[in-house]
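# Notes for the structure review
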Amino acid sequence: MIRTLSLEHRDTVQQIWALQHMAYPLEAELIGFTDLPPLLDTFETISSSGEVFYGNVSDDGELIGAIAVELEKDQVTISRMMVHPGHFRKGIAGGLIQHVLDTYCDAPLFIVSTGTKNTPAVRLYERFGFQPKDAFEVAPGVELTEFHLLLK
């Protein structure tokens, strides 16, 4: 079940932090960059991020996937996407993206960035209609691609 995650609850922030530290090392390995910002987060940086988090919570209360967005006047930026490695390929990431698209269906523009070498994420975003807009190097040999989805 997908629900809004409250960053005011320490247990929720702990679950987000733990999930990030299970999911993002795999992306770091794919793109060859160990200093991904989510891996440097603390409880304080997560809880004060200003992002809106949604989570896929299993029947037994485990956070198995999460997505975070930053809301601006004319766009929604997907700032984090993570799935527990034990739950890959079960449609969790796609369900979270669809939830964001449905929740903010009046937004004209959605933006997301991922490592250019992160083929699974690139394919996922393209499946939802995101188009590559720009690519930029964030460290020597490490490139991110920004994708846009225009709805209006």
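Our subject is the structure that appears above.
Remember, it's a predicted structure, so these values are computed and weren't measured experimentally.

### What about the pattern of salt bridges?
Going through the model one piece at a time under the given rule, you end up with 2 salt bridges. Of the charged contacts in the structure, one is a salt bridge between Arg80 and Asp41, with a shortest N-O distance of 2.5 Å. Residue Arg80 is found in strand β4 (residues 75-83), and its partner Asp41 is found in the loop between α1 (10-31) and α2 (43-47); the two are separated by 39 residues along the sequence. Taking the relative accessible area as the measure of exposure, Asp41 reaches 13% and is therefore buried. In this structure, Arg80 engages Glu51 in a salt bridge whose closest nitrogen and oxygen atoms are separated by 2.7 Å. On the criterion of sequence distance, the pair formed by Arg80 in strand β4 and Glu51 in the loop between α2 and β2 (52-57) is long-range, its members being 29 residues apart. Judged on exposure class, the residue Arg80 and its partner Glu51 are both buried. Taken together, the shared-partner salt bridges connect Asp41, Glu51 and Arg80 into one network.

### Observations regarding the sheet that holds β4
Spatially, the 7 strands line up as an open sheet ordered β1-β2-β3-β4-β5-β7-β6, and their pairing is mixed. Edge strands, defined here as strands with exactly one partner in the open sheet, are β1 (2-5) and β6 (131-139). Looking at each pair of strands side by side, their axes are set apart by 25° on average, direction ignored. Here 6 bridges tie β2 to strand β3 (residues 63-72), and the two strands are oriented antiparallel to one another. When the sheet's bridge partners are listed, Val57 is paired in β3 with Leu63. Contacts from helix α4 (residues 119-127) reach β4, β5 (109-115), β6 and β7 (142-150) within the one sheet, and its direction differs from that of β5 by about 165°.

### What about the packing of aromatic side chains?
Per the stated rule, a full pass over the model turns up 4 aromatic pairs. Taken together, a centroid distance of 6.4 Å and an interplanar angle of 65° make the contact between Tyr54 and Tyr104 edge-to-face. Taken together, the residues span a long stretch of sequence, with Tyr54 in strand β2 and Tyr104 in the loop between α3 (92-103) and β5 at a distance of 50 residues. Overall, the relative accessible area of 6% leaves Tyr54 in the buried class. Residue Tyr104 is classed as buried on the basis of its relative accessible area, which comes to 16%. On the numbers, 5.8 Å between centres and 70° between planes, the contact of Tyr125 with Phe130 is edge-to-face. When its relative accessible area of 4% is taken as the criterion, Tyr125 is described as buried.

### Examining the environment of Ser48
Position of Ser48 among the secondary structure elements: in the loop between α2 and β2. Its relative accessible area of 57% is what places Ser48 among the exposed residues. With 101 residues separating them along the chain, Ser48 and Leu149 place their C-alpha atoms 27 Å apart. Among the polar contacts listed, one links the side chain of Ser48 to the backbone oxygen of Glu44, at a separation of 2.7 Å.

About the cut-offs
All residue numbers refer to positions counted from 1 along the written sequence of the respective chain. Restriction of local features to residues with pLDDT of at least 70 applies here, the model being predicted, together with a cutoff of 80 or more for giving and counting side-chain atom pairs; totals for whole chains, interfaces and linings are based on all residues. Excluded from the side-chain calculation are hydrogens and water; included are all heavy atoms of the structure. Definition used for salt bridges: Asp or Glu carboxyl oxygen within 4 Å of a side-chain nitrogen of Lys or Arg. Helix and strand definitions here come from DSSP, where helices need a minimum of 4 consecutive H or I residues and strands a minimum of 2 consecutive E residues; each element is numbered from the N-terminal end. Residue burial is assigned from relative accessible area. The probe radius is 1.4 Å, only protein chains are included, and a residue is buried under 20% of its type maximum, exposed over 50%, and partly exposed in between. In this analysis, strands are considered paired if DSSP registers two or more bridges between them. Every angle, taken between N-to-C directions, lies between 0 and 180 degrees, and every axis is a line fitted to C-alpha atoms, over only the stretch in contact when it is a helix. We call two residues in contact whenever any of their non-hydrogen atoms come within 4.5 Å of each other. Working definition: a ring pair exists when centres of Phe, Tyr or Trp rings (six-membered ring for Trp) sit within 6.5 Å. Plane angles under 30 degrees give stacked, over 60 give edge-to-face, the rest tilted. For this analysis, a polar contact is any N or O atom pair within 3.5 Å, provided that within protein one partner can donate a hydrogen and the other can accept it, and provided that sequence-adjacent residues contribute only side-chain to side-chain pairs.

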